[in-house]
Amino acid sequence: MDILIPRRKRSLRESVGTNFFLVPLVAILILFGGELLMEMLDSFLRPLLFQGLEAEDALRPILERCWEYALFLIPGLLCIFYILLTRKESLRSFSGRHGNNGLLSLFLGLLLGAAILALQLLPAYFQGNLRLSLNSFSPWIFLLLPAVLLYAGCMELIFRCYIYQHMKGRYGAILGTLMLCVCSLAVNFYNFYYQGFHLEYALHLFLFNMLLLLLMRRSRSIWLTWGLHSAWIFGQHFVLGLPVGGVIPEFSIFSSSIGGGSFYYELSYGLEGSLLHVLFLAAFCLIMIIFEAARPRMSMDDF
C-alpha cells in the first residue's frame, strides 16, 4: 500500500524563484505600473503645486524637474514592498554590516562619478574639441542634486537590489548580470524608438551597468554606486548641458560643445553614444575584473 505524503505548500519567496523570467517581468511591471501611477498623481497634483508660480519664473522649470524626479519614489516604494514580501535580504546592500559608512560611500561615489566624467572629457579638451561657456543660471539649479539622488536611488534599488540580487541568489552572478543588462536595454526601448538604435549607446547601457555591479561588489554596498550614478546624471545633464539617454536638458550651468566627430560625441546620445566612452568603460570594467580576480573568493553574505 502506497503512503501518500502531502506536498508542502511553497511560500511566496520559493514560488518567485522558480520562474527565470518572473523577476524581470515583475521589474518591468513595477517600472511601468509605477509610471502609470506617476502620471495619475502628476495630473492631479501638478496644477496645485505650481499654481502660484508664473510660467516666466526661473524657479518654476527647476521645481517642475525636481517634481518629475521625485515621482520616481512611487516605483521605488513598490519595489521595496515587493522585496519585503519575497527576498528582504536583498536590501542588505543598503546596510553598513561590513563597516561601510553609507553617507561617506555616497559622497565618494559622487566624487568618483565626477572624476570619471572629467577623465572622459579630457581628450576632447586637449584636442581642442571641447568648448564650455558659462550660462546665466539660477542657483536654485542645485536643488536638482537631491532630486537626482532620489531618482538614482530608486533605479539602483530596482536594478541592483531587486533584479540582480534575486537572479544572482538563484542562478548565479553571471546570469544575474546578463539579465540586469537585458532589462536595462528593454527599459530604454523608447529611447531607441524615438532617437534610433545606436550600437555605442547600447554598449554604454551594458558596460555602465556592469561597472556599477563591479563597484557594488567591491564596496559590498550600493551607496557607492548610488553616488556615482547620481553624479553621472547631474554632471552631464545640469552642469555640462549634455544629453542623458538622448534627452537634452532645458537648463544647465554650462553649455558644452564637443567636436571631433562621433569618436568624442554622438549627435543623439551625446557622450554616452561615443566610441571613446565605450572604450573607457570597457577599460574600467576590465581593470575592476582583474582586481576582483585577485581577491579571495567571498561568500554569498558579502553583498
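From a predicted model like this one, the values you see are computed outputs, not experimental measurements. (Residues numbered from 1 in each chain as written. Predicted model: local features only at pLDDT ≥ 70, side-chain atom pairs only at ≥ 80, totals over all residues. Heavy atoms only, no water.)

## A closer look at the confidence of the model for the chain
Atom-level detail of predicted coordinates should not be read off regions where pLDDT is low. When pLDDT is averaged across the chain, the result is 82; 86% of the residues are at 70 or more. When mean pLDDT is taken per element in the chain, helix H10 (residues 223-239) scores highest with 93 and helix H1 (residues 12-16) scores lowest with 47. Counted against residues more than four places away or in other chains, residues 1-12, with its pLDDT under 50, gives five contacts. Overall, residues 298-303 carries pLDDT values under 50, and its contacts beyond four positions in sequence, including any with other chains, amount to 19 contacts. (pLDDT = per-residue confidence, 0-100. Helix = DSSP H or I, 4+ residues; strand = E, 2+ residues; numbered from the N terminus. Contact = heavy atoms within 4.5 Å.)

## Concerning the layout of surface pockets
Of the voids in this model, the largest pocket is the one considered here, and its volume is about 1100 Å³. Along its surface, the largest pocket is lined by 36 residues, and Phe72, Tyr151, Met155, Asn188 and Tyr190 are the ones closest to its centre. For the lining of the largest pocket, the element with the highest residue contribution is helix H2 (residues 22-49), accounting for seven residues. (1 Å grid on protein atoms, 1.4 Å probe; cavity = no way out; pocket = protein on both sides within 12 Å on 5 of 7 lines; lining within 4 Å. Points joined across faces, edges and corners; volume = space filled by probe spheres on them.)

## Focus: the pattern of salt bridges
A full pass over the atoms with the stated rule returns six salt bridges. The salt bridge partner of Arg46 is Glu68, with a shortest N-O separation of 3.4 Å. Note that Arg46 is positioned in helix H2 and Glu68 in helix H3 (residues 59-70), a separation of 22 residues in sequence. With a shortest N-O distance of 3.3 Å, Arg65 and Glu68 are connected by a salt bridge. You can see Arg65 and its partner Glu68 sitting in helix H3, three residues apart, about one turn around the helix. A relative accessible area of 30% places Glu68 in the partly exposed class. (Salt bridge = Lys/Arg side-chain N within 4 Å of Asp/Glu carboxyl O. Buried < 20%, exposed > 50% of the residue type's maximum accessible area, 1.4 Å probe, protein only.)

## Looking at the nonpolar core
Counting residues in hydrophobic clusters, the biggest one holds 38 residues, and the most contacted among them are Tyr69, Leu144, Phe159, Tyr162, Ile163 and Phe238. The leading source of residues in this core is helix H6 (residues 144-171), at 14 residues. What Tyr162 contacts, discounting residues up to four positions off in sequence, is Leu22, Val23, Val26, Ala27, Cys79, Tyr82, Ile83 and Leu157. Grouped together as the second largest cluster of nonpolar side chains are 27 residues, Met210, Trp232, Ile258 and Met288 included. (Core = buried A, V, L, I, M, F, W, Y, C linked by side-chain atoms within 4.5 Å.)

## Structural notes on the environment of Leu25
On the secondary structure map, Leu25 appears in helix H2. Taking the C-alpha atoms as reference points, Leu25 and Ile163, 138 residues apart in sequence, are found 9.8 Å from one another.

## Concerning helix H11 (residues 275-294)
The terminal C-alpha atoms of H11, which comprises 20 residues, lie 29 Å apart, in line with the 28 Å expected from a rise of 1.5 Å per residue. Of the positions making up H11, those classed as buried are Leu276, His277, Val278, Leu281, Phe284, Cys285, Met288 and Glu292. Along its buried surface, H11 packs onto helix H5 (102-126), helix H9 (199-219) and H10. (Expected span 1.5 Å × (residues − 1).)

## Comments concerning H2
Here H2 spans 38 Å end to end across 28 residues, near enough to the 40 Å set by a 1.5 Å rise per residue. The inward-facing, buried residues of H2 abut H3, helix H4 (73-86), H6 and helix H7 (173-187).

## Regarding the packing of H2 against H4
Running from N to C, H2 and H4 point in directions that differ by 140°, and their axes come no closer than 8 Å. As the angle between them shows, H2 and H4 are arranged oblique. Handedness of the crossing formed by H2 with H4: right-handed. In this structure, H2 uses Val26, Ile30, Gly34, Leu37, Met38 and Leu41 to contact H4, whose residues at the interface are Ile74, Pro75, Leu78, Cys79 and Tyr82. Within the contact of H2 with H4, the residues separate by chemical class into ten nonpolar, one polar and no charged. (Axes fitted to C-alpha atoms, helices over the stretch in contact; angles between N-to-C directions. Parallel < 35°, antiparallel > 145°, perpendicular 65-115°, else oblique. Left-handed = near helix turned anticlockwise from the far one by under 90°. Nonpolar A, V, L, I, M, F, W, Y, C, P; charged D, E, K, R; others polar.)

## Regarding the side chain of Gln236
Considering the arrangement of structural elements, one finds Gln236 in helix H10. Looking at Gln236, its side chain comes within polar contact range of the side chain of Glu272, at 3.3 Å. When sequence neighbours within four positions are dropped, the list of residues in contact with Gln236 reads Leu117, Ala231, Gly241, Leu242, Pro243, Val244, Leu271 and Glu272. (Polar contact = N/O pair within 3.5 Å; in protein donor to acceptor, adjacent residues only side chain to side chain.)

## Observations regarding the side chain of Ser252
Turning to its location among the elements, Ser252 is positioned in the loop between H10 and strand E2 (254-258). A polar contact of 2.6 Å, which involves the side chain of Ser252, links it to the backbone oxygen of Phe254. With sequence-adjacent residues up to four places away left out, Ser252 is seen in contact with Asn135, Phe137, Ile141, His237, Phe238, Val239, Leu240 and Gly241.

## A word on the packing of aromatic side chains
Counted according to the given criterion, the structure contains 13 aromatic pairs. Cluster of aromatic residues (ring-pair linked, three or more members): Tyr69, Phe72, Phe142, Tyr151, Phe234, Phe238 and Phe251. (Phe/Tyr/Trp six-rings, centres within 6.5 Å; stacked < 30°, edge-to-face > 60°.)

## As for the packing of H2 against H3
Two numbers describe how H2 lies on H3: the axes approach to 12 Å, and their chain directions differ by 150°. Taken together, the axis directions place H2 and H3 in an arrangement best described as roughly antiparallel. Our pair here, H2 against H3, has a crossing hand that is right-handed. Taking contact as the criterion, the partners of Asp42, Leu45, Arg46 and Leu49 in H2 are, on H3, Glu64, Trp67 and Glu68. Among the residues making up the contact of H2 with H3, the classes are represented as three nonpolar, no polar and four charged.

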